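What follows is each chain in one-letter form.
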Amino acid sequence: METVRNELRNIAIIAHVDHGKTTLVDAMLKQTGIFRANEKVAERVLDSNDLEREKGITILSKNTSIQYRDTRINIVDTPGHADFGGEVERILKMVDGVLLLVDAYEGPMPQTRFVLRKALSMRLKPIVVINKIDRKDARPAEVIDEILDLFIELGADESLLDFPVVYASARDGYAKLSLSDEPKNLEPLFQTILEYVPAPGGDMDAPLQLLVSSIDYDDYIGRIAIGRIERGTITRDQQAVICKRDGSIQNMKISTLQSFLGLKRINIESATIGDIVAVSGISDITIGETICSKDKPEPIPFVDIDEPTISMYF
Ligand code: GDP
């Protein structure tokens, strides 16, 4: 039976380096009370690594999850070098919407094109967030025009040109739907995410399918496969199989099943369609493999790695 997970949203943030992604995620975490009142955000949520900085592009460096009222908002991670073959595609496959975060003075940078192009081709409708609206030299109206031009240039169809716009100061922790609104907090951004990003849906009772979209490593539990559940339900003690890229099938026993909360991973007993989970139990699992139920192993088609790298687009 098809179910819609109204209480869940999965998003990615597309931003040129320094446009304020880290600051925005920090503010979103703070305002949703992930941190205790007396607890400082000890380390910056996301650290841009040098390679990302060099290429001038990041989506996110860590998975984050925010609980906004009744809704869980997962913000997905991308590996540092998200430009190589299919990587961006697999990451974006985990989400149903993207925030295109743009500096209100600088405007869209050419380096955000590649990821934006991918997002548009996957029919992910972006929410445009004009950040640093507090800047004296902010020029939001022009920047919106530039973004519109970029969308057209990238071949976005009509329906995508009508993107929602949120004006924000991540630094000062507010977002507004109109420039003349009083700055308060990030509520308008959260509301826009809830309104515009579709809730994930699917069949919870179907045989499990989970495409491994990224890999992490933990000193205690070892190699961790991260992905979104496309179909069915996963439980911690489940016998599952891995559909490898060469077509072979390997048995696996799930040893740890986790979801994200704030910046941490927490152990859970089960998860279902649309959930983004971290699974351990297989030492050689890799990106692009599918974790499936034992009784009906059907891999999710793998996005090939022969596509051009980001540098070819500049
Ligand atoms: P990232 O590279 O996209 O993660 O960008 P950061 O979050 O690290 O921000 C880059 C710089 O912009 C930092 O110095 C931030 O303090 C600053 N910044 C971020 N958001 C705002 C904002 O809303 N207004 C202003 N004036 N500065 C901001």
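This report concerns the structure included in the present document. (Residues numbered from 1 in each chain as written. Predicted model: local features only at pLDDT ≥ 70, side-chain atom pairs only at ≥ 80, totals over all residues. Heavy atoms only, no water.)

Moving on, we come to the packing of helix α4 (residues 113–121) against helix α5 (residues 140–153). Where α4 meets α5, the axes come as close as 10 Å, and the angle between the chain directions of the two elements is 60 degrees. Between α4 and α5 lies a crossing of right-handed hand. For the pair formed by α4 and α5, the contact residues are R113, L116 and L120 on the first element and L150, F151 and E153 on the second. The residue inventory of the contact of α4 with α5, partitioned by class, reads four nonpolar, no polar and two charged. (Axes fitted to C-alpha atoms, helices over the stretch in contact; angles between N-to-C directions. Helix = DSSP H or I, 4+ residues; strand = E, 2+ residues; numbered from the N terminus. Left-handed = near helix turned anticlockwise from the far one by under 90°. Contact = heavy atoms within 4.5 Å. Nonpolar A, V, L, I, M, F, W, Y, C, P; charged D, E, K, R; others polar.)

In space, the eight strands of this open sheet follow the order β15-β14-β20-β11-β12-β19-β16-β17, with antiparallel pairing throughout. Each edge of the open sheet carries a strand with a single partner, namely β15 (249–253) and β17 (264–267). Here the average twist between neighbouring strands, direction ignored, is 40 degrees. Summarising the sheet, strand β14 (residues 239–243) and β15 pair through five bridges and their orientation is antiparallel. Across the sheet, residue Q239 finds its bridge partner in β15, namely K253. (Pairing = 2+ DSSP bridges.)

So, on to the side chain of E289. Assignment of secondary structure puts E289 in the loop between β19 (276–280) and β20 (290–293). Reaching out from E289, the side chain makes a polar contact with the side chain of K244 at a distance of 3.3 Å. Aside from chain neighbours lying at most four places away, what touches E289 is L210, L211, V212, I242, C243, K244, R245 and D284. (Polar contact = N/O pair within 3.5 Å; in protein donor to acceptor, adjacent residues only side chain to side chain.)

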